[in-house]
Amino acid sequence: MPDAPVVRALGLHKAFLPQRPVLCDVHFDVRPGEVHALLGENGAGKSTLVRILAGLVRPDAGRLELGGQPVAWHGYGPAAAQRAGIGMVHQHSTLVPALTVAENLAFGDPRGGWRFRPRAAHARVAALAERHRLEVPAAAPVEVLSVGLRQRAEILRALDRGARLLILDEPTSVLTPGESEALFQALRRLRDGGRAVVFISHKLDEIRAVADRISVLRRGRLEATLQARTADATSLGRLMLGRELPPLAPPPAPARSPAPRFALRGLSAPGYREASRLRSLELSVRGGELVGVAGIDGNGQRELEEVLAGVRRPGAGHVEVDGQPVAAEARRLQAAGVAHLSGERERAGLVPGFTVAENLILKRSWGDRRFFRRGRLDRGAARAAAREAIQAYGVEPPDPDADIATLSGGNAQKVAVARELGEDPPVLVAVNPTRGLDLAATRFVHERLLALRARGSAVLLVSTELDEVLALADRSFALVRGALVPVPAGADRAAIGAILLGTRAA
């Protein structure tokens, strides 16, 4: 492997708030023909580091070299980074949903003329896809594609614009196991072809499977850079957290209620696609029970979440709470005691631009006299309640007036957990509640779900993380093309995988 790095960062320092540095004297380099993984907790500084490399953030101090040549910060931005061969695939898609894949690749391309030529654009996408073995439908609108296909399109766009260093920020957080493996194969091909890849992930097994070197950040400082072949999960976890994480010890479950506390009765609903249409779902959850629904993304998870959050009207069937039908409307479900915890923080959980205190009371009604007086928000009462929640749930920074958008993913999710679980709801619907979270934050959410179950609540966990369902659920179902399939007790991962793929009935 050549010694000269594609990119070298020296002594990077960045603080968005006074006295709270995000990066402290970080040295980092990436060599041609390697996959270099960045590992760290939420808020460790990983995204800030790669955004500096991509020209999206300017550091307060430090130097950057590209191909051995120093970079002047005053002239370095996204366009300069792209010209230097740095391409970034963000955690959340930056493609225009209403445009096709071919249109997205042409959109904003400085080499293109003023006129769009569909035939040439489609041929270009096809050639790129064949060369890199990343097949995507060039003529399909992005909004109808699976998450995995959207990601392929983003990678092709970066490669089409000359990326020699590809940065992937949490690329597997919303991918199925099969899509993740296909991505790993593509990254290995890029590496073998001489390109460099920076791969950010919280998943230790994935990092060890695909990376050549691993750099671990903790609280903005580089703890170590080591060869992936010599690293083990225990040592990586210790470097990342500063301590060892003990095994999850679920609290003892109480006696379960004899009758279901929460149930779906013949529930059907239209889908974004035919494969995601909900088809006569039957399911019940007793008090003191956690029922898991596993599935590959795009099989109806979003539709089910929207129905149970009261923002999508079912076509048939209904929801029951304690044996009584409840209209699938947000206020009716909330009044019946159904709380909703979503992993889609930006879309369905929290409001960027609102403070921590405001997000914590987001679902309160104007009639809640604890926080509202004559229709006006009592900010003092909201701040006081927020301080209690911040302390109880360990939110950092401990500032009720902080914009929720400035918190790390793990701390933002703690705010959502505090809001939904703070008053022990009788029913909790949790959909991908740990999506994008690190080990410690994931453990925090899991412990809270199990504690709520132990206090007698009914918990429905809908997750695309099979390991999460296997670790937490008392009973499990698979969501396959919008239908629920019971998972036999004791089924191994291979059997469950076959059910999820629809290649085997339960």
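In the block above lies the structure referred to throughout.
Visitor: Got a minute to help me understand the overall build of the protein in this structure?
Guide: Looking only at helices and strands, the protein features 17 helices and 22 strands. When burial is assessed residue by residue, the protein has 51% of its 506 residues classed as buried. Sequence separation of 24 or more characterises 69% of the internal contacts of the protein that already satisfy a separation of 6 or more. Roughly 23000 Å² of accessible area belongs to the protein as shown, and the carbon and sulfur atoms make up 51% of that amount. Averaging the locations of the 69 positively and 55 negatively charged side chains of the protein gives two centres separated by 3 Å.

Visitor: Please explain the environment of D297 as it appears in this structure.
Guide: Take D297: it is sitting in the loop between β13 (289–294) and α9 (301–309). Residue class for D297 comes out partly exposed when judged on its relative accessible area of 24%. Separated by 204 residues in sequence, D297 and S93 have C-alpha atoms that sit 15 Å apart.

Visitor: Explain empty space enclosed by the protein to me, please; I cannot follow it from the model alone.
Guide: Empty space among the atoms becomes visible once a probe the size of a water molecule is rolled across them. Within the structure shown, the criterion is met by 1 cavity of 30 Å³ or more. In this structure, the largest cavity occupies an estimated 30 Å³ of space. Lining the largest cavity, in full, are H340, L341, S342, A348, G349, A416, R419 and E420. Elements with a minimum of two residues in the lining of the largest cavity: β16 (338–342), α11 (345–349) and α14 (409–421). Taken together, the residues of the lining of the largest cavity break down into 3 nonpolar, 3 polar and 2 charged.

Visitor: In this structure, what is going on with helix α15 (residues 439–454)? I would like to understand it.
Guide: Because the α-helix completes a turn every 3.6 residues, residues three or four places apart line up on one side. Between its first and last C-alpha, α15 extends 22 Å over 16 residues, near the 22 Å set by a 1.5 Å rise per residue. Along α15, the residues classified as buried are A440, A441, T442, R443, F444, V445, H446, L449, L450, L452 and R453. Phi turns positive, to about 100°, at G456, one or two residues after α15.

Visitor: Would you mind showing me how to read α9 here?
Guide: Of all 9 residues that make up α9, 8 are buried, and the element is covered over most of its length. For α9, the complete set of buried residues consists of Q301, E303, L304, E305, E306, V307, L308 and A309. Positive backbone phi, approximately 85°, marks G310, located one or two places after α9.

Visitor: In this structure, what is going on with unusual backbone geometry? I would like to understand it.
Guide: Where the residue is not glycine, phi is negative for most of them; where a peptide bond is considered, it is trans in most cases. Looking along the chain, the bond that leaves E396 and enters P397 is cis, with omega of -5°. Within the secondary structure, P397 is located in the loop between α13 (379–393) and α14. You will see that D25, though not glycine, has its phi angle at about 50°, which is positive. A positive phi angle is found at D322, which is not glycine, with a value near 55°. Looking at the element boundaries, D322 is found in the loop between β14 (316–321) and β15 (324–326).

Visitor: Sorry if this is basic, but what is going on with the packing of aromatic side chains here?
Guide: The geometry of an aromatic ring pair comes down to the distance between the two centres and the angle between the two planes. Taken as a whole and judged by the stated rule, the model has 3 aromatic pairs. Plain terms: the ring middles of W73 and Y76 are 6.1 Å apart, the flat faces sit at 75° to each other, and that makes the pair edge-to-face. Here W73 falls in the buried class, since its relative accessible area comes to 17%. An angle of 70° between the planes, with centres 6.0 Å apart, marks the rings of F184 and F199 as edge-to-face. With F184 in helix α6 (residues 177–192) and F199 in strand β8 (residues 196–200), this pair connects stretches of sequence that are 15 residues apart. The ring of Y272 is capped by R312, whose NZ or CZ atom sits 4.6 Å from the centre of that ring. Taking NZ or CZ as reference, K414 lies 5.0 Å from the ring centre of F444, over its face.

Visitor: Which parts of the structure should I look at to understand the sheet that holds strand β20 (residues 458–463)?
Guide: Here 6 strands make up an open sheet; going across it, the order is β16-β19-β20-β13-β21-β22 and the pairing mixed. Strands with a single pairing partner mark the edges of an open sheet, and in this sheet they are β16 and β22 (483–486). If you compare each strand with its neighbour and ignore which way they point, the axes differ by 20° on average. Summarising the sheet, strand β21 (residues 475–480) and β22 pair through 4 bridges and their orientation is antiparallel.

Visitor: Honestly, the sheet that holds strand β1 (residues 7–17) in this entry has me stumped. Any pointers?
Guide: A sheet is described by the order of its strands in space; here 4 strands give the open sequence β2-β1-β4-β5, paired in antiparallel fashion. Looking at strand neighbours, the two that pair on one side only are β2 (20–30) and β5 (69–70), the edges of this open sheet. Relative to β5, strand β4 (residues 61–66) runs antiparallel, the two being bridged by 2 bridges. The residue bridging E65 from the neighbouring strand is P70, located in β5. In the packing of helix α1 (residues 46–53) onto the sheet, contacts are made with β1, β2 and β4, and the angle to β2 comes to roughly 60°.

Quick notes on the rules
- Residues numbered from 1 in each chain as written.
- Predicted model: local features only at pLDDT ≥ 70, side-chain atom pairs only at ≥ 80, totals over all residues.
- Heavy atoms only, no water.
- Helix = DSSP H or I, 4+ residues; strand = E, 2+ residues; numbered from the N terminus.
- Buried < 20%, exposed > 50% of the residue type's maximum accessible area, 1.4 Å probe, protein only.
- Contact = heavy atoms within 4.5 Å.
- Areas by Shrake-Rupley, 256 points an atom, 1.4 Å probe, with all protein chains shown as cover.
- Lys, Arg positive; Asp, Glu negative; His and termini not counted.
- Charge placed at Lys NZ, Arg CZ, Asp CG, Glu CD.
- 1 Å grid on protein atoms, 1.4 Å probe; cavity = no way out; pocket = protein on both sides within 12 Å on 5 of 7 lines; lining within 4 Å.
- Points joined across faces, edges and corners; volume = space filled by probe spheres on them.
- Nonpolar A, V, L, I, M, F, W, Y, C, P; charged D, E, K, R; others polar.
- Expected span 1.5 Å × (residues − 1).
- Phe/Tyr/Trp six-rings, centres within 6.5 Å; stacked < 30°, edge-to-face > 60°.
- Lys NZ or Arg CZ within 6 Å of the ring centre and 35° of its normal.
- Pairing = 2+ DSSP bridges.
- Axes fitted to C-alpha atoms, helices over the stretch in contact; angles between N-to-C directions.

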